[in-house]
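Structural overview
Okay, here's what each chain looks like letter by letter:
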Amino acid sequence: MRFDGMTAVQERRAAQPIASETDYDTLAARFRPLFADIAEGVVERERDHVLPYEQIDALKKAGFGAVRVPRSHGGSGASIPQLFRLLVELSAADSNITQALRGHFAFVEDRLVAADGPDRDTWLRRFADGQLVGNAWTEIGDVPLGEANTKVSPVPGEAHFFANGTKYYSTGSIFADWIDLYSQRTDTGAFVIAAVEARQPAVTHSDDWNGFGQQTTGSGTSTYENAIVQPENIFDFSTRFKYQTAFYQLFHLATLAGIARAATDAIARRVAARTRTFSHGNAPTYALDAQIQQVVGEVSAAAHAAEAIALHAAEPAQWAYEAAFTGSPDEEKSANIAAEIASAQGQISATAIVVPATAKIFDALGASGVSREWDLDRFWRNARTVASHNPVVFKAKVVGDYEINGTEPVYVWAIGTAPTAEGDKA
């Protein structure tokens, strides 16, 4: 993909390596045996609520967390579209694991566009060594919209800071070495990201996410009681990579695409293996019934479209990543808008096709399709849960406002208690 400013990107590469492209087949071949192993036990993990510690550890040791890190720094040097193509494959094996790694890859992305220097190199080396980062941003309960109850405070007489607070939806933190903690400094009032070591005694992780889907993502509560944070691991939120919301949303698109792909494979296998048929059907065997074939074909088409949507939506994000190195605010703004709108369009479209498709699989199997032994309902449950993140109605409004009025999208949004007209909390 070409765009204005590409020359500046090329010049900047001489000073700072950029992860832009690798051979996808070679990259994917490294991980496909792991994906196959992950898929083997997915039904049992879903059914028995077993967290995928072993599977994530295997990915970690294989260097999966460093696929976006430049080869010069020990990673694979994959582009953003290649990352999400790989995540579609992982999601087909176990969509929970993709969700669990979402915060890690976002933190990696932030460090990739950080200022060149020893601090950045330290983080890239950690990623190359297999260290993973979890996510802890969202607070529930009485937190004002746009605020953070989690605080980071200097410790008198000490060089480090303390982090205190409670986070919900702490996706992936239970598996991680570090936590990407959104918080506020008590000394300056600035909103920051504190990179907190996840295994210190002052940090507690709970697997208490109670949603009906994506149940083994480790998206529960994390608490911080005087958790130590080193000053070099506190980053002003204003410096966060600008295409982050689009990047986060691309994870949901890849996850939905992978779920649809897995649902297609599962329903096709079940139909092909079925020996019983109905007296009022259309063929002597179930696999030859034209109406059943139609259902499987429609699910397959939805999977194909969802993957195409996800990969197409990832292309402007690569532009936004490379534009961050051009030194051109106009170029960067254009790229960030394109990335945000494309990811929103993708969410609207993928939700509309994958959620119904994963419910449709039961039309092909009848009552036997709801057996807990097969756990086929996980496809719909997981797709419906993923699609509920970042409410799609608001994304449609953002796209419509942009198309009609040219309104620039909101790049960072928050959730919390809203003020009433009188200034009190609703």
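Residues numbered from 1 in each chain as written. Predicted model: local features only at pLDDT ≥ 70, side-chain atom pairs only at ≥ 80, totals over all residues. Heavy atoms only, no water.

What the domain assignment lists for the chain is domain 1 (19–79 + 97–131), domain 2 (151–238) and domain 3 (243–405). Each of domain 1 and domain 2 has a C-alpha centre, and the two are 21 Å apart. Counting from both sides, the interface comprises 17 residues of domain 1 and, opposite them, 17 residues of domain 2. Summed over the shared surface of domain 1 and domain 2, the number is one salt bridge. The tally of links between domain 1 and domain 2 comes to three residue pairs in polar contact (both at pLDDT 80 or more). (Domains from an automatic or database assignment. Contact = heavy atoms within 4.5 Å. Salt bridge = Lys/Arg side-chain N within 4 Å of Asp/Glu carboxyl O. Polar contact = N/O pair within 3.5 Å; in protein donor to acceptor, adjacent residues only side chain to side chain.)

The feature "domain: Acyl-CoA dehydrogenase C-terminal" (unreviewed entry), as given by UniProt, occupies residues 254–390 in the numbering adopted here. Strand forms 0% of residues 254–390 and helix 71%; the C-alpha atoms that close the span are 15 Å apart. (UniProt positions renumbered as here; feature names shortened; annotations may be inferred. Helix = DSSP H or I, 4+ residues; strand = E, 2+ residues; numbered from the N terminus.)

The residues that UniProt annotates with the feature "domain: Acyl-CoA dehydrogenase/oxidase N-terminal" (unreviewed entry) are residues 38–130. Taken end to end, residues 38–130 has its terminal C-alpha atoms 18 Å apart, with 66% of it in helix and 0% in strand.

Moving on: the pairing of strand β2 (residues 151–154). Where β2 meets strand β3 (residues 161–167), four bridges bridge the pair, whose relative direction is antiparallel. Each bridged residue has a counterpart across the sheet, and for Lys151 the counterpart in β3 is Asn164. Counting the residues between successive antiparallel strands, the hairpin from β2 to β3 contains six residues, one of them, Gly157, with a positive phi of roughly 80 degrees. Bridge analysis of β2 against strand β4 (residues 178–185) gives two bridges, and the strand direction is parallel. Within the sheet, the bridge partner assigned to Lys151 lies in β4 and is Gln184. (Pairing = 2+ DSSP bridges.)

Within helix α12 (residues 377–387), eight of the eleven residues are buried, which leaves it mostly tucked inside the rest of the structure. Looking at α12, one finds that the buried residues are Arg378, Phe379, Arg381, Asn382, Ala383, Thr385, Val386 and Ala387. The secondary structure elements touched by the buried residues of α12 are α3 (42–48), α6 (95–100), α9 (244–273) and α11 (329–360). (Buried < 20%, exposed > 50% of the residue type's maximum accessible area, 1.4 Å probe, protein only.)

The subject of this paragraph is the nonpolar core. In terms of nonpolar packing, the biggest core is built from 94 residues, with Phe64, Phe84 and Phe247 touching the most fellow members. Looking at which element gives the most residues to this core, the answer is α9, with 16 residues. Discounting residues that sit within four places of it in the chain, Phe64 has contacts with Phe31, Phe35, Leu59, Leu86, Leu87, Leu90, Leu101 and Phe105. Within the second largest apolar cluster, 16 residues are counted, among which are Val152, Ala163, Val192 and Ala227. (Core = buried A, V, L, I, M, F, W, Y, C linked by side-chain atoms within 4.5 Å.)

Further remarks concern unusual backbone geometry. A positive phi angle, close to 50 degrees, is found at Gln214, a residue other than glycine. Positioned with a positive phi, Asn226 is a non-glycine residue whose angle comes to about 55 degrees. Considering the arrangement of structural elements, one finds Asn226 in strand β7 (residues 222–229). Overall, Asn226 belongs to the partly exposed group, its relative accessible area being 40%.

Assignment of secondary structure puts Arg126 in helix α8 (residues 118–128). Each C-alpha atom, one on Arg126 and one on Ala66, is 9.1 Å from the other, the two residues being 60 residues apart in sequence. Apart from the residues lying within four places of it in its own chain, the contact partners of Arg126 are Gln131, Trp178 and Asn233.

On to the side chain of Gln184. One can find Gln184 in strand β4. A relative accessible area of 12% places Gln184 in the buried class. Apart from residues lying up to four places away in sequence, Gln184 is in contact with Glu147, Ala148, Thr150, Lys151, Val152, Gly189, Ala190 and Phe191.

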